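# Residue-level structure breakdown
What follows is the residue order along each chain.
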Amino acid sequence: MNLRVSDELLGTFVPIVVYWVYSGIYVILGSLGDYRLHSRKDEDDKNLVPKGSVVRGVLLQQALQAIVAILLFTVTGNDSEASVFQHSSLVVLRQFVVAMLVLDTWQYFMHRFMHQNKFLYRHIHSQHHRLVVPYAFGALFNHPLEGLILDTIGGALSFLLSGMSPRTSIFFFSFATLKTVDDHCGLWLPGNLFQCLFRNNSAYHDIHHQLYGNKYNFSQPFFVTWDRILGTYMPYSIEKRADGGLEARPARDCKI
């Protein structure tokens with residue numbers, strides 16, 4: 001009996017499973033108060049949407065993404081051709097880098113445009129900013145139209161322009177999912193590789209979710225390149241809060 005699952009199906013659903021498993025780990029780690037960027041009280045008091053609504057919103061976006069992914073794989077994919085690795089590690093690495101740059105470029109300009117256009121911000125992007133205090137499983141809490149434009153179309157472009165196979169996409173989109181969840185985790189953990197290796201991390205994105213950083217740090221999910229080039233980069237420092245825990249603050253030489 002052949003129980004093999006296609007690469008297209010894995011590429012569609014593995015990142016969704018990764019999202020909830022990794023978010024669940026951060027729910028458990030949320031009890032580590034000394035490493036939180038906001039207190040639990042702030043998370044409960046400042047956020048403007050209940051967690052049940054966040055879960056439903058994320059599940060809706062993931063359902064829409066799955067539909068688009070299946071359609072995309074159906075149009076472009078051939079599972080028999082993707083059944084084995086056909087490229088060298090160097091080619092796969094190049095595809096990863098190209099996909100990262102494409103996704104970063106698309107999301108920077110679309111994200112910034114949704115902040116600059118008052119109609120789009122008020123009616124679409126503001127839904128994500130109802131989470132003033134980000135947490136892991138709220139990473140994909142967006143208006144469905146924003147999810148389609150930023151994440152789904154951005155992901156499709158990175159897949160197509162990088163030339164990656166459905167099998168490579170399993171690993172790339174799982175990696176991108178881990179990075180996105182980590183950027184919203186609300187924790188600053190010693191030894192966290194995402195926070196050590198990427199300047200664009202949970203503290204960097206936390207700055208963006210605060211009122212003073214709303215017009216800065218648009219870059220997501222990997223690099224800070226476009227923020228630096230176009231003058232929307234707000235550096236930060238990690239400092240201890242008087243009531244315990246940590247806080248990401250604009251660097252002292254940064255003019256708000």
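Data block above holds the structure.
Before going into details, it helps to say that this report is about the structure given with it. Because the structure is predicted, anything quoted here is derived from the model rather than measured.

## A few points about the overall build of the protein
Summing up its helical and strand segments, the protein has 10 helices and two strands in all. Traced from its N-terminal end to its C-terminal end, the protein shows the element sequence α-α-α-α-α-α-α-α-α-α-β-β. A principal-axis box enclosing the C-alpha atoms of the protein has dimensions of 60 × 40 × 40 Å. In the protein, which comprises 256 residues, the share counted as buried stands at 50%. Pairs at least 24 apart in sequence give 68% of the contacts found in the protein among residues at least 6 apart. Accessible surface, the protein: about 12,700 Å² in total, of which carbon and sulfur atoms supply 66%. Considering the protein, the positive charge centre built from 22 side chains and the negative charge centre built from 20 side chains are found 6 Å apart.

## Digging into helix α9 (residues 202-209)
The buried fraction of α9 amounts to eight of the eight residues, a majority that puts the element mostly inside the structure. Among the residues making up α9, those that are buried are Ser202, Ala203, Tyr204, His205, Asp206, Ile207, His208 and His209.

## A word on the pairing of strand β1 (residues 236-240)
When β1 meets strand β2 (residues 246-250), the two strands line up antiparallel, connected through five bridges. Opposite Glu239, over in β2, you have Glu247 as the bridge partner. Turn length for the β1-β2 hairpin, with the two strands adjacent in sequence and antiparallel, is five residues, and the turn residue Gly244 shows positive phi of about 105 degrees.

## Thoughts on the environment of Met234
When you line up the elements, Met234 lands in the loop between α10 (225-230) and β1. Among the residues examined, Met234 registers a relative accessible area of 0% and is labelled buried. On a C-alpha basis, the gap between Met234 and Phe223 in space is 13 Å, while along the polypeptide they are 11 residues apart.

## Notes on the nonpolar core
Inside soluble globular proteins, nonpolar side chains tend to come together where they are buried. Of all hydrophobic cores here, the largest spans 34 residues; its most connected members are Tyr26, Val54, Phe172 and Phe222. Broken down by secondary-structure element, the contributors of at least two residues to this core are α1 (7-29), α3 (51-76), α4 (89-116), α6 (144-162) and α7 (166-183). Apart from the residues within four sequence positions on either side, Val54 is in contact with Val49, Leu131, Tyr135, Phe137, Gly138 and Phe141. With eight residues, the next largest nonpolar core counts Val224, Tyr233, Met234 and Tyr236 among its residues.

## Comments concerning a nonpolar patch on the surface
Taken together, the side chains of Val5, Leu9, Leu10, Phe13 and Ile70 define a hydrophobic patch exposed on the protein surface, amounting to about 380 Å² of accessible area. Residue contributions to the nonpolar patch peak at three residues, all from α1. Along the chain, Val5 falls in the segment before α1.

## Some thoughts on the packing of α4 against α6
Remark: α4 packs on α6, axes separated minimally by 8 Å, with the N-to-C direction vectors making an angle of 155 degrees. With respect to α6, the element α4 is oriented roughly antiparallel. For the crossing formed where α4 meets α6, the hand is right-handed. Here α4 contributes Arg94, Gln95, Val98, Ala99, Val102, Leu103, Trp106, Gln107, Met110, His111 and Met114 to the contact with α6, which in turn contributes Glu146, Ile149, Leu150, Asp151, Ile153, Gly154, Gly155, Leu157, Ser158, Leu161 and Ser162. For the contact of α4 with α6, the residue count by class is 12 nonpolar, seven polar and three charged.

## Points about empty space enclosed by the protein
Overall, the coordinates contain one cavity of 30 Å³ or more when judged by the stated rule. Taken as a whole, the largest cavity spans an internal volume of roughly 680 Å³. Looking at the largest cavity, it is lined by 37 residues, and the ones nearest its centre are Gln65, Asp151, Thr152, Phe173 and Thr177. Its residues assigned to classes, the lining of the largest cavity shows 17 nonpolar, 17 polar and three charged.

Reading the values: the criteria
- Residues numbered from 1 in each chain as written.
- Predicted model: local features only at pLDDT ≥ 70, side-chain atom pairs only at ≥ 80, totals over all residues.
- Heavy atoms only, no water.
- Helix = DSSP H or I, 4+ residues; strand = E, 2+ residues; numbered from the N terminus.
- Buried < 20%, exposed > 50% of the residue type's maximum accessible area, 1.4 Å probe, protein only.
- Contact = heavy atoms within 4.5 Å.
- Areas by Shrake-Rupley, 256 points an atom, 1.4 Å probe, with all protein chains shown as cover.
- Lys, Arg positive; Asp, Glu negative; His and termini not counted.
- Charge placed at Lys NZ, Arg CZ, Asp CG, Glu CD.
- Pairing = 2+ DSSP bridges.
- Core = buried A, V, L, I, M, F, W, Y, C linked by side-chain atoms within 4.5 Å.
- Patch = residues over 30% accessible without salt bridge, like charges linked within 9 Å, V, L, I, M, F, W, Y side chains within 5 Å.
- Salt bridge = Lys/Arg side-chain N within 4 Å of Asp/Glu carboxyl O.
- Axes fitted to C-alpha atoms, helices over the stretch in contact; angles between N-to-C directions.
- Parallel < 35°, antiparallel > 145°, perpendicular 65-115°, else oblique.
- Left-handed = near helix turned anticlockwise from the far one by under 90°.
- Nonpolar A, V, L, I, M, F, W, Y, C, P; charged D, E, K, R; others polar.
- 1 Å grid on protein atoms, 1.4 Å probe; cavity = no way out; pocket = protein on both sides within 12 Å on 5 of 7 lines; lining within 4 Å.
- Points joined across faces, edges and corners; volume = space filled by probe spheres on them.

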